[in-house]
Amino acid sequence: YMEPSYDKTIEPRPFDPARAKALLDEAGWTDSNGNGIRDKDGVELEFEFIIPNIIREYELIATLFKEQLDAAGVSMAIRPLEWATLIDNLQK
């Protein structure tokens, strides 16, 4: 039996959506126009999450991230790319 290679003494950060929303509010990221996406100074809190399209699990994990962020008023688009295109984008 081989133990996982991580430090068991490190405490995981708590999953606290209410605290996350409070921190975003405190930082000035609120939904000022009522469209469900937080904004600040006219900029919406949104980004793309680029994943390789060859591993199904990445899409499942990204979808879970998206659901949690949507609930907090953060817009995340999932953008699957072919491996070569992903690497090319990273290098640029």
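Now for a description of the structure that goes with this document. (Residues numbered from 1 in each chain as written. Predicted model: local features only at pLDDT ≥ 70, side-chain atom pairs only at ≥ 80, totals over all residues. Heavy atoms only, no water.)

## Some details on the overall build of the protein chain
Inclusion rule: What counts as a helix is a DSSP run of H or I of at least four residues, what counts as a strand is a run of E of at least two, and both are numbered from the N terminus. C-alpha atoms define the radius of gyration, and 2.2 Å times the number of residues to the power 0.38 defines the globule rule. Exposed residues in this analysis have more than 50% of their type's maximum accessible area, buried residues have under 20%, and partly exposed residues fall in between, with area computed by a 1.4 Å probe over protein chains only. Whether two residues are in contact is decided by their heavy atoms: any pair within 4.5 Å suffices. Here the open area of atoms and residues is found with the Shrake-Rupley method and a 1.4 Å probe, where only the protein chains shown may cover a residue. Within this scheme the basic residues Lys and Arg register as positive and the acidic residues Asp and Glu register as negative, but His and the chain ends are omitted. Where a charge lies is defined by one atom per residue type: Lys uses NZ, Arg uses CZ, Asp uses CG and Glu uses CD.
The number of helices and strands found in the protein chain is 3 helices and 4 strands. Across the protein chain, helices and strands are ordered from the amino to the carboxyl terminus as α-β-β-β-α-β-α. Its C-alpha atoms give the protein chain a radius of gyration of 17 Å, clearly above 12 Å, the size a compact globule of 92 residues would have. Seen through its principal axes, the protein chain has C-alpha atoms that stretch 50 × 40 × 25 Å. Counting only residues that meet the buried cut, the protein chain has 15% of its 92 residues in that class. A fraction of 47% describes how many contacts in the protein chain between residues 6 or more apart in sequence connect residues 24 or more apart. As displayed, the protein chain offers around 7500 Å² of accessible surface, 56% of which is attributable to carbon and sulfur atoms. Side-chain charges in the protein chain split into 10 positive and 18 negative, and the spacing between the mean points of these groups amounts to 1 Å.

## Re the pattern of salt bridges
Stated precisely, the cut-off is as follows: Within this document, salt bridges are pairs made up of a side-chain nitrogen of Lys or Arg and a carboxyl oxygen of Asp or Glu, the two lying within 4 Å of each other.
All told, the structure shown has 5 salt bridges when counted by the stated rule. The partner of R56 in a salt bridge is E59, and the shortest N-O contact between them spans 3.7 Å. With a gap of 3 residues between them, R56 and E59 both fall in helix α2 (residues 56-72), about one helical turn apart. The salt bridge involving K92 is made with D88; its shortest N-O contact spans 3.0 Å.

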